[in-house]
Amino acid sequence: MKNFDFKKLMIFIILSGTVAIAYQLPYLRYTFYDQMAAALQLNDTQMGVLATAVNFANIMCYPIGGFFAARFSMKSLICVTLAAFVALTVVFAFTTNYILLIAIHILYGFFGIATLWSAYLSGIRSLGDENNQSTLFGSSEATRGIIQTINGLCFLGIMNVAVTPILGFRYIMLFGAAATGIFLILAFIFLPKEEKKEAVAGSNKEEEKYTTMDVLKNKGVWLTMWIIMCAYMSWSLGNGYLTTYTVRVLDVSESVASTLGIIRSYVIVFLAGFLGGWVLDRFTYKGKGFMLLFGTIAVVLAAVMFTSKVVPISIGLTLVIAFLANVMKSTYWSVMEQAGIPVKMTPLGTGIISFIAFLPDMIVTPICGVWLDAATAASNVEAGFNKIFILLIAFSVVGIIGAYLLMKQTKFIEEKRVSGEDLTHSL
């Protein structure tokens, strides 16, 4: 990436590291479920409530995040996020009070989205131009994966040498708080000091200011939302069910399935972020790139349904699905430029886009659970997974349509620019 000097590199690392930590510490149950339950003296239902607390706060805070990012500097928001995570994580390490744990997880969700998410997206977007947006977002996703991998290995080492799971979990949280504190210090030093983003009264300099209605009227916002919704569902359902599919349908041992899960969570995320971002920036029209990605993942999903008896091939196909889904997830925010979303609309726009685009995940996941339970009760669990795969194919088809419309939108914008027309009110 051209003109990517040391200052920009540090901003990039701090932003990526902040998001990596913010989306790892509240979700340690994915890796240390049993140890966490034992340390906190919680049953499965109570563990589920903690997960719900974080997810509900996340969804509710996306619009708030856009509001904050449009009015406060990136440095202020990132530093507030990191300071809050340090305090919350230290308290988390020393409490087993269930009500307090719920409050901590709600606050994790609040600070992880309201003061971070839109500020992060705006910050990453501002580091480049329209020619390298996919590379930027893909590299950021890969960097997040690297940092989370390093943390995860440290967590695992700490847990293995701890005398008891309770002490192990406590030391993990304290290590996480210390790592967060390091990024807080780096943020204070390296993030640029900015003024509040609202126009200064009496200034003669004309500022671009956007309202919620401006965002909702922008066609590019809805196209971006469309792409992200379909791509995110591919990633979410794929991540959530491919590992258990290999165990329950392909009859792979749990240890082998966990190894495959690690490959999906770490190795593939790293490769998809760097390689996928670079490849997508080679497309003149990102819509065309996403049409290819959605089309390929639909074909591979269909292939999985018909190769369950050929286990090695089916396993390989599930890894291909994970790779394609992570390529889309790591690059879908890069379409904002070609969709026609002004840079100064990014803070407010990303908040609204995230709120709507990620909302179906709360609805679809319980439905998939019902399908699997019903299929298991009927002694045909494969039928339940096939319904999930068919649903994913449907999202891919809808995604192809959205990607095609995105390509048409990009061509429209190019034509307007060539003719010298003002795009401010035509998108």
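Since this is a predicted model, take the numbers as computed values, not measurements. For every chain, the first residue of the written sequence is number 1, and numbering continues from 1 along that sequence. This being a predicted model, a pLDDT of at least 70 is required before a residue's local features are given, and a value of 80 or more before pairs of side-chain atoms are given or counted; all residues contribute to the totals for chains, interfaces and linings. Water and hydrogen atoms play no part in the side-chain values, which are based on all heavy atoms of the structure.

> Looking at this model, I keep getting lost on the overall build of the protein chain. Mind explaining?
Within the protein chain, the secondary structure is distributed over 17 helices and zero strands. Only protein chains enter the accessibility calculation, which uses a 1.4 Å probe; a residue whose area is less than 20% of its type maximum is buried, one above 50% is exposed, and one in between is partly exposed. Among the 427 residues that make up the protein chain, the fraction classed as buried is 52%. Should any heavy atoms of two residues lie within 4.5 Å, those residues are considered in contact. Considering only contacts in the protein chain between residues 6 or more positions apart, those separated by 24 or more positions represent 82%. Accessible area for the protein chain stands at about 19100 Å²; split by element, carbon and sulfur atoms hold 66% of it. Seen as two clouds, the 29 positive and the 24 negative side-chain charges of the protein chain have centres 2 Å apart. The way it works is that DSSP assigns letters per residue, a run of H or I at least four long becomes a helix, a run of E at least two long becomes a strand, and they are numbered from the N terminus. Here the accessible surface of atoms and residues is derived via Shrake-Rupley with a 1.4 Å probe, and residues count as covered only by protein chains that are part of the display. Charged residues are defined here as Lys and Arg on the positive side and Asp and Glu on the negative side; His and the ends of the chain fall outside this count. Every charge is mapped onto a representative atom, which is NZ of Lys, CZ of Arg, CG of Asp or CD of Glu.

> What is the right way to look at the packing of helix 10 (residues 219–248) against helix 17 (residues 381–419) in this model?
When two helices pack together, you describe them by how their axes are tilted relative to each other and by the distance separating the axes. Each axis is a line fitted through C-alpha atoms, taken for helices only over the stretch in contact, and angles between the N-to-C directions span 0 to 180 degrees. At a minimum axis distance of 9 Å, the contact between helix 10 and helix 17 shows a crossing angle of 155°. When the interaxial angle is binned, helix 10 and helix 17 end up roughly antiparallel. Handedness of the helix 10/helix 17 crossing: left-handed. Here the term charged refers only to Asp, Glu, Lys and Arg, the term nonpolar to Ala, Val, Leu, Ile, Met, Phe, Trp, Tyr, Cys and Pro, and the term polar to all other amino acids, Gly among them. The residue inventory of the contact of helix 10 with helix 17, partitioned by class, reads 21 nonpolar, seven polar and two charged. By the definition adopted for this analysis, an angle is roughly parallel if under 35 degrees, roughly antiparallel if over 145, roughly perpendicular if from 65 to 115, and oblique otherwise. What makes a crossing left-handed is the near helix being turned counterclockwise from the far one by less than a right angle; a clockwise turn instead makes it right-handed.

> Explain the environment of valine 256 here, please?
Considering the arrangement of structural elements, one finds valine 256 in helix 11 (residues 254–280). Spatially, the C-alpha atoms of valine 256 and isoleucine 11 are 38 Å apart, while their sequence positions differ by 245 residues.

> Help me understand the packing of aromatic side chains in this model?
Think of a pair of aromatic rings as described by two things: how far the centres are apart, and how the planes are tilted against each other in angle. Each Phe, Tyr or Trp ring (for Trp, its six-membered ring) is paired with any other whose centre lies within 6.5 Å, and the angle between the two planes then decides the class: stacked below 30 degrees, edge-to-face above 60, tilted in between. Throughout the structure, instances matching the rule amount to 18 aromatic pairs. Taking the centre distance of 5.9 Å and the plane angle of 85° together, the rings of phenylalanine 155 and phenylalanine 175 count as edge-to-face. With phenylalanine 155 in helix 7 (residues 133–161) and phenylalanine 175 in helix 8 (residues 165–190), this pair connects stretches of sequence that are 20 residues apart. With a centroid separation of 4.6 Å and an interplanar angle of 50°, the aromatic rings of tyrosine 232 and phenylalanine 358 are classed as tilted. Taken together, the residues tyrosine 232 in helix 10 and phenylalanine 358 in the loop between helix 15 (346–357) and helix 16 (360–377) connect sequence positions 126 residues apart. With relative accessibility at 7%, the residue phenylalanine 358 sits in the buried group. Taken together, Tyr23, Trp117, Tyr120, Tyr332 and Trp333 form an aromatic cluster joined through their ring pairs. Taking the ring centre of tryptophan 235 as reference, the NZ or CZ of lysine 329 above it sits at 4.7 Å. For a ring to carry a charge above it, either NZ of a lysine or CZ of an arginine must fall within 6 Å of the ring centroid while also lying within 35 degrees of the normal to the ring plane. Taking NZ or CZ as reference, lysine 411 lies 5.4 Å from the ring centre of tyrosine 285, over its face.

> Looking at this structure, I do not really get a negative patch on the surface. What am I missing?
Here a patch means residues that are over 30% exposed by relative accessible area and free of salt bridges, tied together within 9 Å if like-charged and within 5 Å if nonpolar (Val, Leu, Ile, Met, Phe, Trp, Tyr). Any carboxyl oxygen of Asp or Glu that lies within 4 Å of a side-chain nitrogen of Lys or Arg is treated as forming a salt bridge with it. A cluster of acidic residues, Asp129, Glu130, Glu414 and Glu415, forms a negative patch at the surface. Here glutamate 130 lies in the loop between helix 6 (117–126) and helix 7.

> Explanation requested: the packing of helix 10 against helix 16 in the structure shown.
As a packed pair, helix 10 and helix 16 sit with axes 11 Å apart at the nearest point and diverge in direction by 25°. Taken as axis vectors, helix 10 and helix 16 run roughly parallel relative to one another. Like other packed secondary-structure pairs, helix 10 and helix 16 cross with a definite hand, here right-handed. Every residue of helix 16 that contacts helix 10 at Met229, Tyr232, Met233, Ser236, Leu237, Tyr241 and Arg248 is listed here: Pro360, Asp361, Val364, Thr365, Cys368, Gly369, Leu372 and Thr376. Of the residues in the contact of helix 10 with helix 16, the class split is nine nonpolar, four polar and two charged.

> Whenever I open this one, the side chain of serine 314 confuses me. Can you help?
Within the element layout of this structure, serine 314 appears in helix 13 (residues 311–331). Excluding anything up to four places from it in sequence, serine 314 contacts Tyr245, Leu250, Val304, Thr307 and Ser308.

> Where do I start with the pattern of salt bridges in this structure?
Opposite charge on two side chains permits pairing when their charged atoms draw close. Tallying each qualifying case throughout the model produces four salt bridges. Across the salt bridge formed by glutamate 141 and arginine 144, the nearest N and O atoms sit 3.0 Å from each other. Taken together, the residues glutamate 141 and arginine 144, both in helix 7 and three residues apart, mark about one turn of the helix. With relative accessibility at 10%, the residue glutamate 141 sits in the buried group. Relative accessible area serves as the criterion here: at 9%, arginine 144 is assigned to the buried category. Connected via shared salt-bridge partners are Glu141, Arg144 and Lys329.

> When you look at the side chain of serine 234 in this model, what are you seeing that I'm missing?
Mapped onto the elements of the fold, serine 234 is located in helix 10. Owing to a relative accessible area of 3%, serine 234 belongs among the buried residues under this scheme. Apart from the residues lying within four places of it in its own chain, the contact partners of serine 234 are Ile297, Ala325, Met328, Leu392 and Ser396.

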